[in-house]
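# Structure at a glance
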Amino acid sequence: MNCKSFSAISILTVALVLSHSGRTNAAVLYAAPWAQGSSDCSSWANACTLQTALGQAVSGDEIWVKAGVHYPGTSRADSFALKNGVAVYGGFAGTETGRNERDLQANVTILSGDIDQNDIDTDGNFIAETSNDIQGANCYHVVTGIQTDNTAVLDGFVITAGLADDVDAGDQFLSSGGGIYLSEGSPRLTNVTFSGNSAIYGGGMHNRWNSNPMLNSVIF
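Attention here is on the structure that accompanies the text. (Residues numbered from 1 in each chain as written. Predicted model: local features only at pLDDT ≥ 70, side-chain atom pairs only at ≥ 80, totals over all residues. Heavy atoms only, no water.)

## Digging into the nonpolar core
Counted only if it meets this: By nonpolar core is meant a set of buried Ala, Val, Leu, Ile, Met, Phe, Trp, Tyr and Cys residues that side-chain atoms within 4.5 Å join together. The buried label goes to any residue with under 20% of its type's maximum accessible area, the exposed label to any with over 50%, and the partly exposed label to all in between, with areas taken from a 1.4 Å probe on protein chains only. Each helix corresponds to a stretch of at least 4 residues labelled H or I by DSSP, and each strand to a stretch of at least 2 residues labelled E; elements are numbered beginning at the N terminus.
Counting residues in hydrophobic clusters, the biggest one holds 30 residues, and the most contacted among them are Leu50, Ile63, Val88, Leu111, Val143 and Leu154. Put simply, the parts of the chain that give this core at least two residues each are strand S1 (28-31), helix H2 (50-56), strand S2 (62-66), strand S8 (153-160), strand S10 (180-183) and strand S11 (188-195). Ranked by size, the runner-up nonpolar core spans nine residues in total, among them Tyr30, Trp44, Ala47 and Trp64.

## Observations concerning the sheet that holds strand S7 (residues 143-146)
The condition that has to hold: Should DSSP find at least two bridges between two strands, the strands are taken to pair.
Taken in spatial order, the four strands line up as S4-S7-S10-S13 in an open sheet, and their pairing is parallel. What marks the edges here is a single partner per strand, and that holds for strand S4 (80-81) and strand S13 (205-208).

## A few points about empty space enclosed by the protein
Filter applied, for reference: In this analysis, the protein atoms alone were mapped onto a 1 Å grid. Cavities are point sets where a 1.4 Å probe fits without being able to get out; pockets are open sets with protein on both sides within 12 Å along at least five of seven lines; lining residues have an atom within 4 Å of a point. Grid points are joined across faces, edges and corners, and a volume is the space filled by probe spheres set on the points. Here the nonpolar group is Ala, Val, Leu, Ile, Met, Phe, Trp, Tyr, Cys and Pro; Asp, Glu, Lys and Arg are the charged ones; every other residue, Gly included, is treated as polar.
In total, this model carries one cavity of 30 Å³ or more according to the counting rule given. Approximately 40 Å³ is the volume attributed to the largest cavity. At the level of elements, H2 and S8 are the ones that each hand at least two residues to the lining of the largest cavity. Residue composition of the lining of the largest cavity, by class: eight nonpolar, no polar and no charged.

## Brief notes about unusual backbone geometry
With the exception of glycine, the majority of residues adopt a negative phi angle, and the majority of peptide bonds are in the trans configuration. Even without a glycine there, the phi angle at Ser39 is positive, about 55°. Taking relative accessible area as the criterion, Ser39 reaches 30% and is therefore assigned partly exposed. In this structure, Asn191 is a non-glycine residue whose phi angle is positive, near 55°. Mapped onto the secondary structure, Asn191 falls in strand S11.

Below, the structure written as structure tokens:
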């Protein structure tokens, strides 16, 4: 084999490796409160959890989230971490083929910090109306947006029952922003309601280190 042939094969091999090293094309990922089907996020029938979708998402992706209650995990340190270039949309029934078909009022989509699922819920809506509804050890932050810009989007959610109550946290991270904690974070929040979150500093939202979120139709 001559040098020219070897070089051509080497370049082709490198190109093939790069093309299969990771997904770069934008896509819609589908998330539900519980994984469905193959749980590969590819459709409503195969919806994954929101945490899985966020882990797989790359810049340019949208995540469509089915109505219901979504918990960030089982540890108090777990949260839904926003990503640059990724837009997360709630308000879906789980049958839509276009984002314009979603109905935020009919399909309430909840991000809840009640990871032990024992908060007071007398009306059965899974939303803490006040921080007095919080019982036990809820997660410190329901959502985080660290070093995010305005290409990180959260649209169409109720954020509830976060509990940032660690009085010994030296840097205020675990004592701030029960609903959402931002540090150098400037995401876009639209159609979001913060309800019944608690913290020593900023129950619903805490903005730290040059954070400048864009808020549109946001209720605290």
